[in-house]
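Commentary on secondary and tertiary structure
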Amino acid sequence: MLITRNITGISFNQIFLWTLIALLSLFSSGCSIKLVADYDPVIDKTVTELQQSTAAFFTKMKTASDADRTYDKNKAFYADAKAVVSSLILRSKIIEQDLKKTSLTDNFVSLDKLYDELEKEHKNNPSKIYFKSSEAAFDQAFRAIIKHMVFLKWNKS
Amino acid sequence: MMPSINVEQTTSDMLAAAKLVFGDKWPEVKKFAESESKKFAENMLEIEKWKKDGDISESEAISLSKLHQRSMKMVFTALEGISLAIAEKAINAALDVVRSAVNTAIGWPVI
């Protein structure tokens, strides 16, 4: 319950109300609070395509003969994937540039490091089991990014 | 005459709007976090077993461990972003309530 006092003809309710309006105007500037990046359909589509090409790569690595599984025969995959991740990092940096938390950019940087780690070990001719388990790690990474994108889309709906 | 605003009612409506956003989405986030944590634990157990049985080399075990730890870190980073998205939606839902109440009380769109 608000206590109403008259101080030079102005009640506490009036002061409270105008303070509330001033604060809201100051903080919201007539629009809304922004804590996360806007949903970007280009990022969403690019991530989905990268996930598909990565899944196809793992299928090949799990079924190919030893000769076809070598790093030299598959190094183009890493160059292509890292070029896509680089464009994702660039785009996410732009949409998150004024935000305190840059979760999307951080995860694309992590994704880049996942490809680096996979490429490094691929040069040692790893087993099919290695590719099976690393596929699970990439699946988890993509699930995390896609889930994040789903929530960014929901947030703007 | 200064128009009046029911502060208690508005505050209560703001909280209800925010709670609705959280309540609707939070169980989904919790389920996602639990499911991914379980998968991470299972994957790390597999690596340990394969290494013990000699199915993978030490280099492969170390690399897989790094891959799974990083992907799990990505889940937590995504959860941070998701939490902020939910918080943003909840705050804006609450702001919409107070904005509507203030504008109605005053009679024209102030905020």
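Coordinates for the structure precede this section.
Keep in mind that what you see is a predicted model, and the values were worked out from it rather than measured.

Criteria and thresholds
- Residues numbered from 1 in each chain as written.
- Chains lettered and ligands numbered in written order.
- Predicted model: local features only at pLDDT ≥ 70, side-chain atom pairs only at ≥ 80, totals over all residues.
- Heavy atoms only, no water.
- Helix = DSSP H or I, 4+ residues; strand = E, 2+ residues; numbered from the N terminus.
- Rg over C-alpha atoms; globule rule 2.2 N^0.38 Å.
- Buried < 20%, exposed > 50% of the residue type's maximum accessible area, 1.4 Å probe, protein only.
- Contact = heavy atoms within 4.5 Å.
- Expected span 1.5 Å × (residues − 1).
- Polar contact = N/O pair within 3.5 Å; in protein donor to acceptor, adjacent residues only side chain to side chain.
- Axes fitted to C-alpha atoms, helices over the stretch in contact; angles between N-to-C directions.
- Parallel < 35°, antiparallel > 145°, perpendicular 65-115°, else oblique.
- Nonpolar A, V, L, I, M, F, W, Y, C, P; charged D, E, K, R; others polar.
- Buried area = accessible area lost by both parts, 1.4 Å probe.
- Salt bridge = Lys/Arg side-chain N within 4 Å of Asp/Glu carboxyl O.

**Remarks on the overall build of chain B**
Helix and strand counts for chain B stand at two helices and zero strands. Scaling as 2.2 N^0.38, a compact globule of 111 residues should have a C-alpha radius of gyration of about 13 Å, whereas chain B reaches 24 Å, well beyond that. In terms of overall dimensions, chain B has a C-alpha envelope of 85 × 20 × 15 Å along the principal axes. Every one of the 111 residues in chain B was classed for burial, and the buried ones make up 42%.

**Quick notes on the overall build of chain A**
Along the backbone of chain A there are five helices and two strands. In chain A, the succession of α and β elements from N to C terminus is β-β-α-α-α-α-α. Across chain A, contacts joining residues at least 24 apart in sequence account for 71% of those joining residues at least 6 apart.

**Some words on helix 2 (residues 41–63) of chain A**
All names here are of chain A. With 23 residues, helix 2 ought to run about 33 Å at 1.5 Å a step, and its terminal C-alpha atoms sit 33 Å apart, in line with that. Every buried residue of helix 2 is listed here: I43, D44, T46, V47, L50, T54, F57, F58 and M61. Here the buried face of helix 2 lies against helix 3 (71–95), helix 4 (103–122) and helix 5 (128–155). Two or three places before V42, at the opening of helix 2, D40 has a side-chain oxygen 2.9 Å from that residue's backbone nitrogen.

**Notes on the packing of helix 3 of chain A against helix 4 of chain A**
Residue and element names in this part refer to chain A. Where helix 3 meets helix 4, the closest approach of the two axes is 9 Å, and the angle between their N-to-C directions is 170°. Considered as vectors, helix 3 and helix 4 are oriented roughly antiparallel to each other. Mapping the contact onto sequence places Y71, N74, F77, Y78, A81, K82, V85, L88, I89, S92, K93 and I95 in helix 3 and L104, T105, F108, V109, L111, D112, Y115, D116, L118, E119 and H122 in helix 4. Among the residues making up the contact of helix 3 with helix 4, the classes are represented as 14 nonpolar, four polar and five charged.

**Quick notes on the interface of chain B and chain A**
Much of the literature gives interface size as the accessible area that the parts lose upon coming together. Each side of the interface is counted separately: chain B has 52 residues, and chain A has 52 residues. When chain B packs against chain A, the two sides together hide about 4700 Å² of surface, and 66% of this comes from carbon and sulfur. Connecting chain B to chain A are five salt bridges. The partner of K101 of chain A in a salt bridge is E80 of chain B, with the nearest N and O atoms 3.5 Å apart. Counting the contacts that link chain B with chain A gives 21 residue pairs in polar contact (both at pLDDT 80 or more). Listed by contribution, the elements that provide at least two residues to the side of chain B that touches chain A are helix 1 (7–53) and helix 2 (58–106) of chain B.

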